[in-house]
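Chain residues, written in single-letter form:
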Amino acid sequence: MSQQQTADDVSIDEIPIDISNTPSGEIEPTDVPTEIESITRGLASEQPPTNPLVVLKAARWWYIHGKGGSDPAFRWAIEWAQHLATDTPSDVEMFDEYLEYLVTVGFADEPHELR
């Protein structure tokens, strides 16, 4: 049995994508679905997610609802997924930019609070 979707609410999984609100570039913490917020916070933590598919789910949401390919949350999620897939070192500067972005979005007052 398939779910019915409206033209403004399209999704390939249980996380809705509001087509009318894409890409907004201006994200409020309340705009972020709970699962995406959890993954996003996890990517900033000392023990980030290790499943690339989970990480890519967050990347997709940030790409669509954020600043597209230039969104720091999208870019860090892709960087982390690449790290997981290839076991190559990740970009520390990109991680710092990601933490700063989460502060501007309102996930924390200071980057160190996310760790």
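A quick note: this is a predicted structure, and the numbers were derived from the prediction, not measured.

A.B. asks: Mind showing me how you'd approach helix α2 (residues 52–65) here?
C.D. replies: Every α-helix winds through 3.6 residues per turn, so residues three or four apart in the chain are directed the same way. Here α2 is 14 residues long and its end C-alpha atoms lie 20 Å apart, about the 20 Å a rise of 1.5 Å per residue gives. Burial in α2 covers these residues: Val 55, Lys 57, Ala 58, Ala 59, Trp 61, Trp 62 and His 65. Regarding α2, its N-cap is Asn 51, as a side-chain oxygen of that residue lies 2.8 Å from the backbone nitrogen of Leu 53 further along.

A.B. asks: What's the story with helix α1 (residues 34–44) in this structure? I'm lost.
C.D. replies: Residues of α1 that are buried: Ile 36, Ile 39, Thr 40, Gly 42, Leu 43 and Ala 44. The elements touched by buried residues of α1 are α2, α3 (72–86) and α4 (92–105).

A.B. asks: Is there a simple way to think about a nonpolar patch on the surface in this case?
C.D. replies: Side chains of Leu 53, Leu 56 and Ile 78 sit close together on the surface and give an oily, nonpolar patch of about 270 Å² of accessible area. Turning to its location among the elements, Leu 56 is positioned in helix α2. Judged by its relative accessible area of 37%, Leu 56 falls in the partly exposed class.

A.B. asks: Just checking my understanding: could you explain the packing of aromatic side chains for this structure?
C.D. replies: The geometry of an aromatic ring pair is captured by the separation of the ring centres together with the interplanar angle, meaning the angle of the planes. Per the stated rule, a full pass over the model turns up eight aromatic pairs. Considering the side-chain rings of Tyr 63 and Phe 74, the 5.0 Å spacing of their centres and the 55° angle between planes classify their relative orientation as tilted. Here the residue Tyr 63 occupies a position in helix α2, and Phe 74 occupies one in helix α3, the gap between them amounting to eleven residues. Tyr 63 gets classed as partly exposed once you look at its relative accessible area, which sits at 42%.

A.B. asks: Would you explain the pattern of salt bridges in this entry?
C.D. replies: Side-chain pairs of opposite charge can arise whenever the charged atoms involved come near each other. A full pass over the atoms with the stated rule returns four salt bridges. Its salt-bridge partner being Lys 57, residue Glu 35 comes within 3.2 Å of it at the nearest N-O pair. Residue Glu 35 is located in helix α1, and its partner Lys 57 is located in helix α2; the two are separated by 22 residues in the primary sequence. According to the relative accessible area criterion, Lys 57 is buried, its value standing at 18%. The shortest N-O distance in the salt bridge between Arg 75 and Glu 97 comes to 3.3 Å.

Quick notes on the rules
Residues numbered from 1 in each chain as written. Predicted model: local features only at pLDDT ≥ 70, side-chain atom pairs only at ≥ 80, totals over all residues. Heavy atoms only, no water. Helix = DSSP H or I, 4+ residues; strand = E, 2+ residues; numbered from the N terminus. Expected span 1.5 Å × (residues − 1). Buried < 20%, exposed > 50% of the residue type's maximum accessible area, 1.4 Å probe, protein only. Polar contact = N/O pair within 3.5 Å; in protein donor to acceptor, adjacent residues only side chain to side chain. Contact = heavy atoms within 4.5 Å. Patch = residues over 30% accessible without salt bridge, like charges linked within 9 Å, V, L, I, M, F, W, Y side chains within 5 Å. Areas by Shrake-Rupley, 256 points an atom, 1.4 Å probe, with all protein chains shown as cover. Salt bridge = Lys/Arg side-chain N within 4 Å of Asp/Glu carboxyl O. Phe/Tyr/Trp six-rings, centres within 6.5 Å; stacked < 30°, edge-to-face > 60°.

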